[in-house]
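# Coordinate inspection notes
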Amino acid sequence: MAKAKNRKRVFSDKIQDKNKNSKTTMKPRSPFEVHINNEKMKVLGRKIQHSKGLPGISRAKAIDKRKKTLLKEYNVRNKSNSFTDRRICELNQNLSTDEKQRARFAAVRVKAHKKKSIFNLGEDEVLTHKGQTLSEIEKFNDLQTEDEDCDDPNETGKLDEKFVGEAHFGGGLLAKKGEGFKGHKDLIEQLIADSKKRKAEKQKTKESVLELTEKLNSEWKDLIPLVKEYKNNSDSKMEKPKIDDFDRLMNELKFEPRGTVTDRLKSEKELAEEEKEKLEELERQRIERMKGTLEEKPNKITHRSADDLDDDFIYEEIDNEKMLSYNENGVSNVPLESCLTEDKIEDEVSEMEESSHSEVETESEDDLSDLKGESSSSEDEYELEKVKTEQTNNSNMSDVLKENTCSKKKIIKTKDEIPYTFAMPDKYEELYGILIKYTAVNQGTVLERIIQCNHSSLAKGNKDKLGLLFEYSLQYVNNLASESVDEQSLENCFRIFEALMPKIFDLAQMNPNECHKKVVEYLKKKFDEYWENSKQYPGIENLLFLKLISILFTTSDFRHQIITPCLIFIEQMLLNCRVTSKRDISYGLFLSTLALEYSSLSKRFMPGCINYLGGIIGMAISKSTICALKLFPPFKSGSSFLVLLKNQSSNTSALKMEITDLIKTEMTEIFKVRALHLALKLVKEFCDNFDSLASNVEIFNHIQNYCEQVPKDMYPETVQSEINSCLQKFEKMKSMRKLKYLVMEAKKPKALRLYEPKIVEIYDRKNFKIQSEEKAARNKLLHKLKREKKGALREIRRDNAFLGKIKIKQQIQSDLERKQKVKKIYAEASIQQSELNTLDRIKKRKIK
Amino acid sequence: MQIYQNTEVKLLCGNEDSIFVFDENVTKKVLNKIWNCVMQWEHTKATHKQVLIVLLERILPHLEKPLFLTDFLMDSLDVGGPVSLLALQGIFTMIQMHNLDYPDVFKKLYSMFEPEIFHTKYKARLFYLSDLFLSSTHLPENLVAAFVKRLARLALIAPPEDIIIICMFIGNLILRHPGLKCLLNRVTDTIPNMDPFIMDESDPVKSNAIESSLWEIQTLQHHTLPTVSKAASFINNPLPSVEWDITNHLNNTGESMFDKEIKKFTKQVVLSFEKPKGMSLNRGEKVLQYWKI
C-alpha cells in the first residue's frame, strides 16, 4: 500500500515538474493574440480539443511555410532545370569537419541497408585509407607505398622549392635578363629533363629495394620448414602424455548431456483410473448418440448412473450365457456332408451373372402399368430367374471347384516359425500370398506383425499404407468367404476371420477416417450387387462383412453413416428374399441374429426381422391341420419346409445352429429343430427388448398365433419348454401391459404482444447506425475523404491568395522601379537639354 | 385382348369391297351392345384384368349408360388382387363423373388393406387411390378412424419405405378430420391393457377404432431407421396446417432409402471403443451365442 502511494506521489511530482518546465519555457502571450472558442454547452467527460486558438501565430507559421515551399516553386516556375546541393551537411556551417565526416559515414551505412542493396553480398563497406583498403595495408606486402610514405617531400615527384621560387615567383623573364639568360624554351626543356632524371633515379632505387626484399623472402621460405619441424616436435612431445584415460573420461562426463526433467511416472492405479474415466466418457457419448434427437428430455442426464448400471447388468448376463453355451458346445451329431450341389454356389454365380433383372418402371400418371403385367405380386418372376441361374451354375461349377483345389494346394501345413518382420504388401495379391501360407491362428499374428513393422509412428507414409492394408484385409476376408464352397473351407474362413478381427479392429482405430471411407465404399458395392437380384440371398461374405461392421462401429447410434445403411440392407434382405431352401433359412436366421445384435443396446424395432421370424415359426406348422393359416410375404402361405416328418422328441443332440448350415443343402430333421429353436430364442430376446413399447402385443400377435399351432410333441424337450416359455411370455405381456392413451403436449399459451421500450445500452447523444462492419468502414472512409477534400480545397484557396499577394507585390515593385527609371531618364534628358540649351545660348552670344 | 380384336374385325371391316365409312353414332351404338355382352361373360383372371384395363382406358368415355357397369365392377371388386384394384379405379371414376352412390365401397377398400399389399407392385397405386377416396371431409369419423388404425397396424410389419408413406397418410387423414384428434389426444384416467380396436372385424364402422389411440405410431418411433422414427414422431408435435405430400414418396424403394442414408454426409467418424475378443463383442454378442462357429 505504502509502496503504491509512494509511486503515485512520484508520478504526480513528475507531471508537476513537466508543467513547470513547460511554463518556464513558454513566453507569456499577449491576450490579444489568443482567440477563445466559446462552448455552447458543457458536456461532462468530453474532451475539448480546440478551445483556444492563436490566429496570428498560426497564420505567420503558414505564411512562413509557404514561403519555404510554394514561393520557391513559384520562383523557379519557368526554369527547366535547377541546381540542388546534395552534399551532406555542407550547407550547415555549425558543424565541424569531424561531424560532417561522421554524417557522411552514417549516410553510407544507411544506404547499405536500403532495400536495393541488402542483397549485394560481399559488398560490405570497405574501409580505406588513402585509396587502399585497410585489409591490404594490413598485409604489409606492398613496400612501395611504405617507402613513398616515408620519402622526403622533395622526392615526391613535385617540382622543388627553388625551381618553383625562381620560375613562378622570381619576377618572370624580365628580372633575369642579365646573367646567363636562357630563353623560355630552354627553361622548359631543362625543367622536363630534370623531372625525368629524378623519376628515373627513384625508379632505380625502388627496383633495387624490391629485389632485396624478394631475395630476403625466398631465403626466409627456405628457413620455414626447419622452424616448423622444431615446433612440431616440441608439440607432440608435450601433448601425448596429456591424453589420459582419466582426463578423457572426465571430459566425457563433463560434456555429456545431463538428464532432463520428466513427468512423474504414473502408478498403475492412476493409469487404470484414467482408462476407466476415458471409457466412461466414451460410453456416455455413445448413449447420447443412441438417444439421438428423438428423446431429448432435460431430466435424463441426471439418471446417467442408473443407465450405466443397467448396461453393466446386461454385460454380466451375456457372459454367463456364453459360459453355458460353451458347455453345450462339445458334441455335434450332425453327419458330415461333403457333396456339392447347385444351391450352395448359387449365390456366387448369381453375383457373377451380369444380367440385371431389375425392371425399370416408367410409370406415367395413369397407364396402369403395374397392373398390366402378368403377375401382380411378382411371385412368378422368381421362378424364371431360378431356372436361369441354375443353367449358369452348371457351367461355372467346375471352374469354382478348380479354383478351390488350387488355393488349397497353396496352403503349406502349419509352420510355427513365423518371421518377425514383414514388408508392407503393395498389392492385394501380396497380402494374399503372405497370409494364405499360415494357419488360421497364425494369420492373426502375421497381420499383427505387419502392422507392427509398419506402424504409423515409424515412418511418414505408413498411415496411408495401413489404410490400404485395412482395405486389403477386408478384401481378403471377403474373398475367403466367397470362395468357401464346402464346409471345411467355410469353417476355416470363420476361424481366420476370428483371428484377424482384433487386428482389423486395431487397423481401423489407427486410421479411422480412411477406414470409414473404405467401409462405406464396400457397403455400397455390396448393396448394389445384392439389389441386382433382390429376391435372392447374396453370398456368405455379406454376413461376415455385417458382423465385422458390428464390431468396428457402435451399432447403437440413432443415426450412423454406416450402421443405418446396414440395417436397411439387412431388413431389405429379410423382406425381399425368397425362402426356398435350407441355406435361405439359415441365412435369414443369421441375419436376424445380426439384427438382434445391432439393436441389442438401443433396443429398437425392426419389423422385417419380426416378420421373418414369424414366417420361420409358421413354416414349422403342417398345413394339413390348418387351412386358414396365412404366412406373410416373403414366405408363401403353403410353404412347409420346417415341418417335421419324424418325431424328434427323443433326439438330444445340440440345438445350436451350425455355421455349416449356411452351405449344406440337405434338409435334415435336426436342422428343422435347430432352426425353430433359434427362431424361438430370438423371438424371446426381441420380446425382452420391446418390453417397453406400447404395442408390443400387436407386434408378436401373429407369432403367438403360430406358436400355439406348432405341434409340440414332435420336438425335443428343450424346444418344447422354449415354446412354452414364449407363450407364457406373450400371455404375461398381454396381462401386464398398461396402455396409456396418447396425450398431445398442451400448447403453450401465447404471450400478449407488448410494446417494450427500446433500451439503448449506451446513450451518447449520437445515433449509431446499425450496419455491417464493411459498410461502417466504408462510411468512415467516405467521411474522412470529405474532410480531407474540404481541407485541401481550403489550402489551395490560401495558396492562391498567397500567390496573388506575391504577384501584386512584385507588380508594385516593378512599377515603382519603372517609374524611377522613367524619372531618372527624364531628369537626365532635362539636364542634357539644359546643357544643350546653355551651349546654344553661348554659341548665339559668340556669333553675336 | 383377342376377344376384343375379333369383335372389332367383324364390325368395322366386314367386307373388303365396301368402303368403310366412320359413323360415330352407329359405332357407339354397336360398341355399347358389344360391351353389354362382354360383361356377361365368364372371365379367367388374366382376361378379366385385360377387360378391365381396356374398359377403363378406352371404352368408358364412349358408353351411353356407364352406370350399367356398376354390377360388373362390384363383382370384380370381390375377386381380389390387382383386379379389385382396377375395379376400384373404375368405381372411383363412376362416383366422380356419373354420380354413383355405392355405400359398400369403403368396406371393400378397407378389406384390401392386408399385409400382402406391401409385396405387390400396385401398392403405390392403392395408396394413391385410397388417398383420393378418403379425401372427402364428409365421411363419418369412425370409418376414417378404422382406416387409420388399420394402416397403423399394418405399419408394424411394413417395409420402412411404406411406413413413411403410411405415417404421412395417417397424418393427412387426421388433418382432414379434426375429430380424429382423439386418436392422438385423449384425456382419461382409464388405463386399458388391450387395444379396443378390433383388427379382424371386416366392417370398418364396427371396428371400434374411434375408442382407440395410435400406440402403433408411438411404437414406430423406436424403429431402427432414423428416417422412419422421424416420420413417426409427427404425433409429438402440433399438427401442421398443410397436408403432407405423399406423391413424392410413393416410388421410394429400399434402394433409394439406402442411397439416401449412405450419402448422408457426416463429419463425425464413430468407431466402437471396446476391443473385441476374437470376433465377439464385449457387450450384446448374439451371433456366437446362438451359432456354433
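Residues numbered from 1 in each chain as written. Chains lettered and ligands numbered in written order. Predicted model: local features only at pLDDT ≥ 70, side-chain atom pairs only at ≥ 80, totals over all residues. Heavy atoms only, no water.

When its secondary structure is counted, chain B shows 13 helices and one strand. Beginning at the N terminus, the succession of helices and strands in chain B can be written as α-α-α-α-α-α-α-α-α-α-α-α-α-β. For chain B, with 293 residues in total, the buried portion stands at 54%. The long-range fraction of contacts in chain B, counting pairs at least 24 apart against all pairs at least 6 apart in sequence, stands at 70%. (Helix = DSSP H or I, 4+ residues; strand = E, 2+ residues; numbered from the N terminus. Buried < 20%, exposed > 50% of the residue type's maximum accessible area, 1.4 Å probe, protein only. Contact = heavy atoms within 4.5 Å.)

To continue, consider the overall build of chain A. Broken down by element type, chain A carries 29 helices and five strands. Evaluated residue by residue, chain A yields a buried proportion of 32% over its 848 residues. A sequence separation of at least 24 residues applies to 74% of the contacts in chain A between residues at least 6 apart. Summed over its atoms, the accessible surface of chain A is roughly 59800 Å², and 54% of this surface lies on carbon and sulfur atoms. (Areas by Shrake-Rupley, 256 points an atom, 1.4 Å probe, with all protein chains shown as cover.)

What follows deals with the side chain of Lys149(B). Residues and elements named next belong to chain B. Relative to the assigned elements, Lys 149 resides in helix H8 (residues 141-155). Residue Lys 149 is classed as buried on the basis of its relative accessible area of 0%. Side-chain polar atoms of Lys 149 contact the side chain of Asp 195, separated by 2.9 Å. Sequence-distant contacts of Lys 149, defined by excluding residues within four places in its chain, comprise Asp 195, Phe 197, Ala 209, Ser 212, Ser 213, Leu 214, Trp 215 and Glu 216. (Polar contact = N/O pair within 3.5 Å; in protein donor to acceptor, adjacent residues only side chain to side chain.)

Here we come to the interface of chain A and chain B. Between chain A and chain B, the contact holds 113 residues from the first and 98 residues from the second. Between chain A and chain B the total buried area reaches about 10200 Å² when both faces are included, carbon and sulfur atoms providing 63% of it. Among the salt bridges present, the one from Arg153(B) reaches Glu698(A), with a minimum N-O distance of 3.2 Å. Taken together, chain A and chain B are joined by 34 residue pairs in polar contact (both at pLDDT 80 or more). It is helix H20 (residues 512-532) of chain A that contributes the most residues to the side of chain A that touches chain B, 10 residues altogether. Residues belonging to the side of chain A that touches chain B are distributed by class as follows: 51 nonpolar, 25 polar and 37 charged. Direction of pairing for strand E5 (residues 657-658) of chain A relative to strand E1 (residues 291-292) of chain B: parallel, over a ladder of two bridges. Its bridge partner being in E1(B), Met657(A) is matched across the sheet by Trp291(B). (Buried area = accessible area lost by both parts, 1.4 Å probe. Salt bridge = Lys/Arg side-chain N within 4 Å of Asp/Glu carboxyl O. Nonpolar A, V, L, I, M, F, W, Y, C, P; charged D, E, K, R; others polar. Pairing = 2+ DSSP bridges.)

Here the phi dihedral of Cys89(A) falls at roughly 65°; this positive angle occurs in a residue that is not glycine. The residue Cys89(A) is located in the loop between helix H3 (70-75) and helix H4 (97-112) in this model. For Cys89(A), a relative accessible area of 24% translates into the label partly exposed. The backbone of Asn208(B) shows a phi angle near 65°, a positive value even though the residue is not glycine. Checked against the element boundaries, Asn208(B) lands in the loop between helix H9 (160-176) and helix H10 (215-220).

We now examine helix H5 (residues 82-98) of chain B. Taking 1.5 Å of rise per residue, the 17 residues of H5(B) would be expected to cover 24 Å, and the 23 Å separating its terminal C-alpha atoms lies within 8% of that figure. Looking at H5(B), one finds that the buried residues are Pro82(B), Val83(B), Ser84(B), Leu85(B), Leu86(B), Ala87(B), Leu88(B), Gln89(B), Gly90(B), Ile91(B), Phe92(B) and Met94(B). (Expected span 1.5 Å × (residues − 1).)

The final tally for this structure, using the stated rule, is 42 salt bridges over all chains. The residue Glu90(A) makes a salt bridge to Arg104(A) at a minimum N-O spacing of 3.6 Å. One end of the pair, Glu90(A), is in the loop between H3 and H4; the other, Arg104(A), is in helix H4, and 14 residues separate them in sequence. Classification of Glu90(A) by relative accessible area gives partly exposed; the value is 27%. With its nearest N and O atoms 3.5 Å apart, the salt bridge here joins Arg102(A) to Asp98(A). One end of the pair is Arg102(A) and the other is Asp98(A), both in helix H4 and four residues apart, which spans about a single turn. Look at Arg102(A) and you get exposed, because its relative accessible area is 54%. What makes Asp98(A) partly exposed here is its relative accessible area of 45%. Several salt bridges share partner residues, and in doing so they unite Glu698(A), Arg737(A), Lys149(B), Arg153(B), Asp195(B) and Glu216(B) into one network.

Now for the nonpolar core. Buried together is how nonpolar side chains tend to be arranged in soluble globular proteins. Counting 219 residues, the largest nonpolar core has Leu589(A), Phe700(A) and Trp35(B) as its most contacted members. Setting aside chain neighbours within four positions, we find Leu589(A) in contact with Tyr612(A), Leu613(A), Ile616(A), Met657(A), Ala675(A), Leu678(A), Ala679(A), Leu682(A) and Trp291(B). Leu70(A), Leu71(A), Leu803(A) and Ile806(A) belong to the second-largest nonpolar core, a separate cluster that totals six residues. (Core = buried A, V, L, I, M, F, W, Y, C linked by side-chain atoms within 4.5 Å.)

Turning next to the packing of aromatic side chains. Residue and element names in this part refer to chain A. Considering all chains together, one arrives at 24 aromatic pairs over all chains under this definition. Relative to Trp 531, the ring of Tyr 530 lies with its centre 6.0 Å away and its plane at 70°, an arrangement referred to as edge-to-face. Note on accessibility: Tyr 530 and Trp 531 belong to one class, buried. Ring centres of Tyr 530 and Phe 569 lie 5.6 Å apart, and the angle between their planes is 50°; on these two criteria the pair is classed as tilted. Linking Tyr 530 in helix H20 with Phe 569 in helix H22 (residues 563-576), this pair joins segments that are 39 residues apart in sequence. Residue classification places Phe 569 among the buried residues on the basis of a relative accessible area of 0%. Directly above the aromatic system of Tyr 74 lies the positively charged group of Arg 77, at a separation of 4.0 Å from the ring centroid. One cation-aromatic arrangement involves Lys 525 over Tyr 522; the distance from NZ or CZ to the ring centre is 5.0 Å. (Phe/Tyr/Trp six-rings, centres within 6.5 Å; stacked < 30°, edge-to-face > 60°. Lys NZ or Arg CZ within 6 Å of the ring centre and 35° of its normal.)

Residue and element names in this part refer to chain A. Per-residue confidence for chain A gives a mean pLDDT of 77, with 74% of residues at or over 70. Across chain A, the secondary-structure element scoring lowest on mean pLDDT is helix H12 (residues 304-328), at 40, and the one scoring highest is helix H29 (residues 773-847), at 95. Every residue in residues 294-365 scores below 50 in pLDDT, and together they form 104 contacts with partners more than four places removed in sequence or on other chains. (pLDDT = per-residue confidence, 0-100.)

Considering the arrangement of structural elements, one finds Asn689(A) in helix H25 (residues 669-689). With near-sequence residues (within four places) excluded, Asn689(A) lies in contact with Leu596(A), Ser599(A), Ser600(A) and Lys603(A).

The next thing to look at is a positive patch on the surface. Residue and element names in this part refer to chain A. Together, Arg 59, Lys 67, Lys 786, Arg 787, Lys 790, Arg 794, Arg 797, Arg 798, Lys 805 and Lys 809 make up a positively charged patch on the protein surface. Sort the elements by how many residues they give to the positive patch and H29 lands first, with eight residues. By the element assignment, Arg 798 lies in helix H29. (Patch = residues over 30% accessible without salt bridge, like charges linked within 9 Å, V, L, I, M, F, W, Y side chains within 5 Å. Lys, Arg positive; Asp, Glu negative; His and termini not counted. Charge placed at Lys NZ, Arg CZ, Asp CG, Glu CD.)

Turning next to the packing of helix H17 (residues 440-453) of chain A against helix H18 (residues 462-483) of chain A. Residue and element names in this part refer to chain A. Packing of H17 against H18 leaves a shortest axis separation of 11 Å and a crossing angle of 165°. Classified by the angle their axes make, H17 and H18 are roughly antiparallel. In this structure, H17 meets H18 at a crossing whose hand is right-handed. Seen from H17, the contacting residues are Gln 443, Leu 447, Ile 450 and Ile 451; seen from H18, they are Leu 466, Leu 469 and Tyr 476. Grouping the constituent residues of the contact of H17 with H18 by class yields six nonpolar, one polar and no charged. (Axes fitted to C-alpha atoms, helices over the stretch in contact; angles between N-to-C directions. Parallel < 35°, antiparallel > 145°, perpendicular 65-115°, else oblique. Left-handed = near helix turned anticlockwise from the far one by under 90°.)

Take a nonpolar patch on the surface next. A surface patch of nonpolar side chains, amounting to about 490 Å² of accessible area, comprises Trp220(A), Leu223(A), Ile224(A), Leu226(A) and Val227(A). You can see Leu223(A) is positioned in helix H9 (residues 184-239).

Along helix H7 (residues 123-133) of chain B, nine of the 11 residues are buried, which leaves the element largely enclosed by surrounding structure. Taken together, the buried positions of H7(B) are occupied by Lys123(B), Ala124(B), Arg125(B), Leu126(B), Phe127(B), Leu129(B), Ser130(B), Asp131(B) and Phe133(B).

Residues and elements named next belong to chain B. Looking at where Glu 201 falls in the secondary structure, it is placed in the loop between H9 and H10. Overall, Glu 201 belongs to the partly exposed group, its relative accessible area being 24%. Expressed as a C-alpha distance, the spacing of Glu 201 and Ser 111, which sit 90 residues apart in the sequence, is 9.5 Å. The contact partners of Glu 201, leaving out residues within four places of it in the chain, are Tyr 110, Arg 150, Lys 206 and Ser 207. At 3.4 Å, the side chain of Glu 201 and the backbone nitrogen of Asp 203 are in polar contact.

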